[in-house]
Amino acid sequence: MIEINKASRAMRLVLWRVLVVLCLAVVGGLLSATLVRFSPGYGVDESELDPRLSHSSVEAIRNENRKNASLIRYYATYFAAAAHGDLGTSRSLRRPVAELLKERFPVTARSVLVGISTAWTMAFLLAILGLLFSGWLFEVSSTLLSGLLLSLPSAVIALFFVYLRAPVFLAIALVIFPKLFRFIRNLISQAYEQPHVLAARARGVGRTGIFLWHVVPYATPALLALLGISLGMAFGAAIPIEALCDSAGIGQLAWYAAINRDLPLIMNLTLIVTLVTVVSNYIADYSSRLIVSEP
Amino acid sequence: MKPRALRNLAVVMLLAAAPLALGQSGGVLHFCLHGEPKTFNPILVDDEASENIRYLTGGVLIRLNRQTQALEPGLAESWHVSKDGRTITFRLRKGLHFSDGTAFTSEDVGYTMKTLMDPQVHSPTGDAFRSGEGAIDVQTPTPDVVTITFPASVAGLERLFDQVAILSVHSPQKEMAVLGPFYVSEYKAGLYVELKRNPNYWRRDAQGHPLPYLDGIRLDIQRNRDIELLRFRRGELQLINRLDAESYQHLQKDDPNVARNAGAGLDSDHIWFNEVPSAPLAEYKKAWFRTTEFRKAVSLAINRDDICRIVFAGYAKPAYGPVSPANRFWFNAALPAPKYDPQGALRLLIQAGFRFANDELRDKAGNRVEFTLVTNSGNTVREKMAAMIQQDLSQIGIKVSVVTLDFPSLIERMTRTFDYEACLLGLVNTDLDPSGVMTVWLSSGENHQWNPNQKNPATPWEAEMDKLMREQASAIADKDRKKKFDRVQQIIYEQQPFIYLVNRDVLTAVSPAVVGVAPTVLNPQAFWNADVLQLGPAPQLGAQK
Amino acid sequence: MSAKRGLRICATFMLCAVGLLALGANIVAPYSYAHQFRDLPSSAPTATHLLGTDTLGRDMFSRLLYGTRVSLLLAPAAALLATLIAGVLGAAAGLLGGWWERSILAITDLSMALPLLFLLIALRAMLPLNVESVVSVVATFLMLGLLGWPSALRVVWAATRNIRQSDFLLLARSSGSGPLRLIFRQVLPNLRPVLLAQFWISIPVFILTEATLSMLGLGVMEPLPSWGNLLRGLEDFPAVSANPWRIAPLVLLILVVICFQLILPSQEDSV
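S.K.: An account of the overall build of chain C is requested, with residue identities and associated values reported.
M.R.: Looking only at helices and strands, chain C features 13 helices and zero strands. Start at the N end of chain C and walk to the C end: the helices and strands fall as α-α-α-α-α-α-α-α-α-α-α-α-α. With the principal axes as the frame, chain C shows a C-alpha extent of 75 × 55 × 35 Å. A burial count over chain C gives 46% of its 271 residues as buried. Looking at chain C alone, contacts between residues at least 24 apart form 71% of all its contacts between residues at least 6 apart.

S.K.: Which residues make up the overall build of chain A, and what values do they have?
M.R.: Within chain A, the secondary structure is distributed over 11 helices and zero strands. Taken from N to C terminus, the helices and strands of chain A fall in the order α-α-α-α-α-α-α-α-α-α-α. Against the compact-globule benchmark of 19 Å for 295 residues, chain A has a radius of gyration of 24 Å, which places it well outside the compact range. Looking at the 295 residues of chain A, the share that counts as buried comes to 48%. When contacts within chain A are restricted to residue pairs at least 6 apart in sequence, long-range pairs at least 24 apart make up 73% of them.

S.K.: How would you sum up the interface of chain C and chain B? Please name residues and give values.
M.R.: Counting from both sides, the interface comprises 20 residues of chain C and, opposite them, 25 residues of chain B. Residue assignment for the side of chain C that touches chain B shows that the elements contributing at least two residues are α5 (117-126) and α12 (237-242) of chain C. Per-class residue counts for the side of chain C that touches chain B are 12 nonpolar, five polar and three charged.

S.K.: Outline the environment of A352(B), listing residues and values.
M.R.: Tracing the chain through its elements places A352(B) in the loop between α11 (342-351) and β14 (355-357). Once residues within four sequence positions are removed from consideration, A352(B) is found in contact with T291(B), E293(B) and F294(B).

S.K.: Please provide a residue-by-residue account of the packing of helix α9 (residues 292-301) of chain B against α11(B), values included.
M.R.: All names here are of chain B. Relative orientation of the contacting elements α9 and α11 amounts to 170 degrees, with a least axis distance of 8 Å. With respect to α11, the element α9 is oriented roughly antiparallel. You can see that α9 and α11 cross each other, and the crossing is left-handed. Mapping the contact onto sequence places E293, F294, K296, A297, L300 and A301 in α9 and P342, G344, A345, L348, L349 and Q351 in α11. In terms of residue class, the contact of α9 with α11 is made up of eight nonpolar, two polar and two charged.

S.K.: Talk me through the sheet that holds strand β4 (residues 76-81) of chain B; I want residue IDs and the actual numbers.
M.R.: All names here are of chain B. An order of β4-β5-β7-β6 is seen for the four strands of this open sheet, with the pairing classed as antiparallel. The open sheet terminates on both sides in strands that have one partner only, identified here as β4 and β6 (137-142). When the angles between neighbouring strand axes are averaged without regard to direction, this sheet yields 15 degrees. The sheet contact formed by strand β5 (residues 87-92) and strand β7 (residues 145-149) spans five bridges and is antiparallel. Considered in β7, the bridge of R91 is made with V145.

S.K.: An account of the interface of chain C and chain A is needed here, citing residue identities and associated values.
M.R.: Taken together, the 43 residues of chain C in the interface contact 47 residues of chain A. Mapped onto the side of chain C that touches chain A, the elements with two or more residues apiece are α1 (2-23), α4 (98-113), α5, α7 (150-162), α10 (192-213) and α13 (248-263) of chain C. Of all the elements, α13(C) adds the most residues to the side of chain C that touches chain A, at seven residues. Among the residues forming the side of chain C that touches chain A, the class breakdown is 33 nonpolar, five polar and five charged.

S.K.: Tell me about the pairing of strand β12 (residues 259-273) of chain B, and please be specific about residues and values.
M.R.: Residues and elements named next belong to chain B. With 12 of 15 residues buried, β12 is to be regarded as a mostly interior element. Bridge count for β12 against strand β19 (residues 498-510) is nine bridges, and the pairing is antiparallel. Within the sheet, the bridge partner assigned to A259 lies in β19 and is A509. Both β12 and strand β18 (residues 422-427) contribute to a ladder of six bridges, which runs antiparallel. Counterpart to D269 in the pairing with β18 is G426.

S.K.: If you had to explain unusual backbone geometry to someone new, which residues and values would you point to?
M.R.: Residue and element names in this part refer to chain B. In this chain, L211 is followed by P212 through a cis amide linkage whose omega measures -10 degrees. In this structure, P212 sits in the loop between β9 (192-197) and β10 (216-221). A cis geometry characterises the amide bond from N523 onward to P524, with omega recorded as -5 degrees. Along the chain, P524 falls in the loop between β20 (514-515) and β21 (534-535). Within the chain, H122 stands out as a residue other than glycine whose phi angle is a positive 55 degrees.

S.K.: Residues and numbers for the packing of helix α4 (residues 97-132) of chain A against helix α9 (residues 207-245) of chain A, please.
M.R.: Residue and element names in this part refer to chain A. With their axes 10 Å apart at the nearest point, α4 and α9 run at an angle of 120 degrees to one another. Taken together, α4 and α9 sit at an angle that is classed as oblique. Seen along the crossing, α4 lies across α9 with a hand that is right-handed. Contacts between α4 and α9 pair T108, S111, V112, G115, I116 and A119 from the former with S230, L231, A234, F235, A238 and E242 from the latter. Residue classes in the contact of α4 with α9 are distributed as seven nonpolar, four polar and one charged.

S.K.: Give a description of the pairing of β7(B) that names residues and reports values.
M.R.: Residue and element names in this part refer to chain B. Burial along β7 is one-sided: the residues V146 and I148 are buried and none of V145, T147 and T149 is. As defined by bridge partners, β6 adjoins β7 across four bridges and the pair is classed as antiparallel. Across the sheet, the residue bridging to Q139 is T147, located in β7. A loop of two residues connects β6 with β7, the two strands running antiparallel in sequence.

S.K.: Talk me through the confidence of the model for chain C; I want residue IDs and the actual numbers.
M.R.: For residues with low pLDDT, the predicted coordinates do not support detailed interpretation. Residues and elements named next belong to chain C. Per-residue confidence for chain C gives a mean pLDDT of 82; residues scoring 70 or more make up 94%. The weakest mean pLDDT in chain C belongs to α12 at 74; the strongest belongs to helix α3 (residues 60-96) at 89. Across residues 267-271, confidence stays below pLDDT 50; counting only partners more than four residues off in sequence or on other chains, it has 10 contacts. Across the predicted assembly, pTM comes out at 0.86 and ipTM at 0.84.

So, how was this worked out
Residue numbers here run from 1 along each chain, matching the order of that chain's written sequence. By the order in which they are written, chains take letters starting at A while ligands take numbers starting at 1. At least 70 in pLDDT is required for a residue's local features to be given in this predicted model, at least 80 for side-chain atom pairs to be given and counted, and no such filter applies to totals for whole chains, interfaces and linings, which use all residues. Helix numbering and strand numbering both begin at the N terminus, where a helix is a DSSP run of H or I of at least 4 residues and a strand a DSSP run of E of at least 2. Using C-beta atoms placed from the backbone, we call a residue buried if 20 or more other C-beta atoms fall within 10 Å of its own, exposed if 12 or fewer do, and partly exposed for counts in between. Two residues qualify as a contact pair if the distance between their C-beta atoms, derived from the backbone, is within 7 Å. For the radius of gyration, the atom set is restricted to C-alpha positions; the globular benchmark scales as 2.2 Å times the number of residues to the power 0.38. Residues are grouped as follows: nonpolar covers Ala, Val, Leu, Ile, Met, Phe, Trp, Tyr, Cys and Pro; charged covers Asp, Glu, Lys and Arg; every other residue, Gly included, is treated as polar. Lines are fitted to the C-alpha atoms to define the axes, a helix being fitted only along its stretch in contact, and any angle between axes, read from their N-to-C directions, falls within 0 to 180 degrees. Angle categories: roughly parallel below 35 degrees, roughly antiparallel above 145, roughly perpendicular from 65 to 115, and oblique for all the rest. Each crossing is labelled by how the near helix is turned from the far one, with a counterclockwise turn of less than a right angle marking it left-handed and a clockwise turn marking it right-handed. Each pair of strands is called paired provided DSSP finds at least two bridges between the two strands. Values of pLDDT, ranging from 0 to 100, describe the predictor's confidence in every residue of the model.

In structure tokens, the structure reads:
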């Protein structure tokens, strides 16, 4: 009886969470549509400047672009269509948004995921190496390295990678690596400073023991939270990098959509980005909570 | 990635092994489009990427030879324009087929023209034919004769057909069935467009071999020009169009045969002042901008030679009129060359009542003469030009602030709010004929940017320009039209509503592997003769590094 | 740890030198940052032009000095603002829990996902075209500070949650401290390493974001230099590899960021 109660409560909690996530994504989409609609240059088309076009054709282009001018009507039609799986049509690319997303999403997802794993592996390895060889030479060289990477504009990193013909995920990894590294290193050293760690040390617990039994549990919740954030960060980094490297993913699409004030495209992209951010953060929160409540 | 690299290697090795003197048939030419093609429907084309695809795939009745700038028969063996300039009769080649095998007849021409001129379609190509109210009339007495009658005479009528790719009325593939040298076989949005050789293409070379020689063309969609250059240097691409001066220099250092300069192009960069009466600007500023002496002084004080030398590394020519010398027929050679004369500029300004003291220019009322120059962001060349203009004008006491805006914001200011003072922008000229730029010079035009959509011409010289432009459009003989348009060019030179700065050189890069390339100033520059291009066994550029 | 101290003194000295040079740009710089030596475009370093000239012939050394002044003053200020906002909000979320936590986190998630670019474009349209460069520069960095907090917030929040049940907080709570007092007196001082890390991370980010903003007509406009627009020159790869001295602004930026990291007490020192 108690078990069933527990399960149904968990079920309700999950449903509630899903609802919240969906609401947030929708709010994000609506807000971004509002932002685009009221930003200068909305409904303006470069082709208006084509000198061949007659007055009536220019007017027709303008009317076509004014179609989404009433936001409330746009929202309503959008949701009505979205219920049938139609996400609207990109104004600038003249293609269904759903089709564009289906083509582009896997490309970005792959480079973001591989990029994150690479960055985490690098950051962890370096932080642990720092623990093992805590000499000042290591300290200085790792500070220099992360300082160097932090200061490099992501555009420069991206172009450098294009130059080397390296894949996009490496550029993403390099952009988020220094942030991860600094945080992880600070966290681990903070852990070593905790009173119970100091006490354990005084009791003569070995290096590995301290690391496994005291440092890791202390750092895990924050690290899991960081995992969520790094997903958001990687996604954010992917936009300029993909645009610069001309990698045909979501990032390149978003940049193109922004330049062209492509309302349907931007709204859907924001929805996706919000979903990714919120879900990854939720997963991070949830797992960190699980671990906290365990001991 | 790997299989492709291997395949490329295999192609290179095969080519190297084959004993050939010059080029030979086959092979896939590889280069980039600089944007996403927005449409494959030739009627709706209005961006450069789509236009390039239309050029490579579309069959046209009359082709403008990009090198000689003369008209040549295409799908039409011959044609005849009536004396009143309203009717054109084509005699079509017999026995031609679309890429999917559908037969080509006069019916297809009629269908294309009717679709093109449908007012609901708003085709930029169709709008160019629109000279008067009313519908067109198309007669197809036999399968190889078609007569098209327009409601009013159309200036430069034949030349407009260079842009009209003929659609098939019966083909199930609709607009994807083409009559040009290639057809679109695959399109991956954001990545590439693949063209394959059209086996039914009508043209043959002098020996009677069918054209095109190439098996296909792969067009990668690549906005980033640095990446394009890099890939070219690695030998992955064989052509680059619209190369910027800096990249041209880098390439020339690698190999002088690769970088090609076709001379000053048709495109121009210019600045203009906002003369719109309703613009939200201070009245005294509007008064300066409307003063001819002020505009002329600004023009005199800009050192165009320096701009050409520094911003374009010498690969541009100072411009002073709306028509580039590259447009051989329409250019008015009688216009005097521009000078750089800051002292003369100051004299003009003082004549017009301005005062110059302590390195500052003030108007009669004592207002400091300063303005903001807007241009589109992300265009380093224009940003550099703006910075140079800033320094040049500071010598005659004018303070210029430069603001870069993203394109949609800029267009909104130019066409809707008119909230700007001066603008630096360029005009891409794809058309040689002045009728193609009517909306720029008519005071009622949308693109009459310094003061668009006027009900009545604001100045006597704009009224005269209106009259001349209308007259040239209804005149039949090109000689008469030229006389009128020469006068228009002179008015623009005298009044400087647009202050022309430079005509950029048309720079392209061509791999030694491509045989038969002859880049021209007209679009599509390096591959206008794609049907006769061949791929030879030349070494990869990157190989020697 | 004397080597470390030596390094720290070195870094302090270097930062002071850079700061002084930047502040005294009017006196130190040999030329105006805007003057174009048109006979010497893209020249290599010489005795008269220590770092050579840019493509328009402007003295790179003078531009670097003036650019340092703009960026070095304002980017840390913006970073401070962003970190403070993130600190206060993050600490509040972590400490108060419940609806507070949920709504603050939701807002953060949203602002990370929204295309704020359009907000900036709209802002540009609201400002008059011709703004004084000082106003535009200050406004830009202020905006960066006001918009740049979300990425730091989650980190602060997670760290706060970690110490929510610590003895000192329970003690302070039981002695009747209100939430504001708890945040400012207890939580934030305890989160110093986390906040400092966020602060360092955001400085270069803001310096570089400023360069992107100038593309929207915001930020530091020509001909006034900033590290951001000097660094944009690095995007032209072939030119940089042909003229290696053009990376001088990047070297200086990295140097300054590293110096900052070395000087301020961070967690490692106390291990």
